Amino acid sequence: QVQLVESGGGLVQAGGSLRLSCAASGRTFSNYVMGWFRQAPGKEREFVATITGSGASAYYADSVKGRFTISRDNAKNTVYLQMNSLKPEDTAVYYCAAGRGPYLSTRAMAYDYWGQGTQVTVSS
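(A) Looking closely at the overall build of the protein chain. Along its length, the protein chain carries zero helices and 11 strands. In the protein chain, the succession of helices and strands from N to C terminus is β-β-β-β-β-β-β-β-β-β-β. Computed over its C-alpha atoms, the radius of gyration of the protein chain comes to 13 Å, within 12% of the 14 Å expected for a compact globule of 124 residues. In the protein chain, buried positions account for 45% of the 124 residues. Residue pairs at least 24 apart in sequence account for 59% of intrachain contacts in the protein chain once pairs closer than 6 positions are excluded. Accessible area for the protein chain stands at about 6,400 Å²; split by element, carbon and sulfur atoms hold 47% of it. For the protein chain, the distance from the average site of its 12 positive side-chain charges to the average site of its 8 negative ones is 5 Å.

(B) Main features of the pairing of strand S3 (residues 18-24). Burial analysis of S3 places five of its seven residues in the buried class, the great majority of the element. The sheet contact formed by strand S1 (residues 4-7) and S3 spans four bridges and is antiparallel. Counted as the bridge partner of Glu6 is Cys22 from S3. Of the strand pairs in this sheet, S3 and strand S8 (residues 78-83) are connected by six bridges, and their pairing is antiparallel. Across the sheet, the residue bridging to Leu20 is Leu81, located in S8.

Rules and cut-offs
- Residues numbered from 1 in each chain as written.
- Predicted model: local features only at pLDDT ≥ 70, side-chain atom pairs only at ≥ 80, totals over all residues.
- Heavy atoms only, no water.
- Helix = DSSP H or I, 4+ residues; strand = E, 2+ residues; numbered from the N terminus.
- Rg over C-alpha atoms; globule rule 2.2 N^0.38 Å.
- Buried < 20%, exposed > 50% of the residue type's maximum accessible area, 1.4 Å probe, protein only.
- Contact = heavy atoms within 4.5 Å.
- Areas by Shrake-Rupley, 256 points an atom, 1.4 Å probe, with all protein chains shown as cover.
- Lys, Arg positive; Asp, Glu negative; His and termini not counted.
- Charge placed at Lys NZ, Arg CZ, Asp CG, Glu CD.
- Pairing = 2+ DSSP bridges.

By themselves these figures say nothing about function.
Next up, the structure:
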């Protein structure tokens, strides 16, 4: 069982930056592929980024590539999402998720555990 708690969301102006954190419980954090998803009002949940257990490989949605960076610190059981050059269309609730992997996946069904989400609002 893995429990995930996101933090770091908030209100930011377009062009600004935020860093989201997701703290995980458990002693086997490095065994899990971690992902970030987001859901805007009236829209389906969409993939944002994912990273392997070791942190060696990552993959991004085209909409965030070059602006967002996913990383992890296995010693701290934490995964991060650094978001730069934010746009109003990035406004959403952001969720972190853990999957047994071992392969990266953009599909929500591949992830077994989810956090409660953190709101990110980007004003124009």
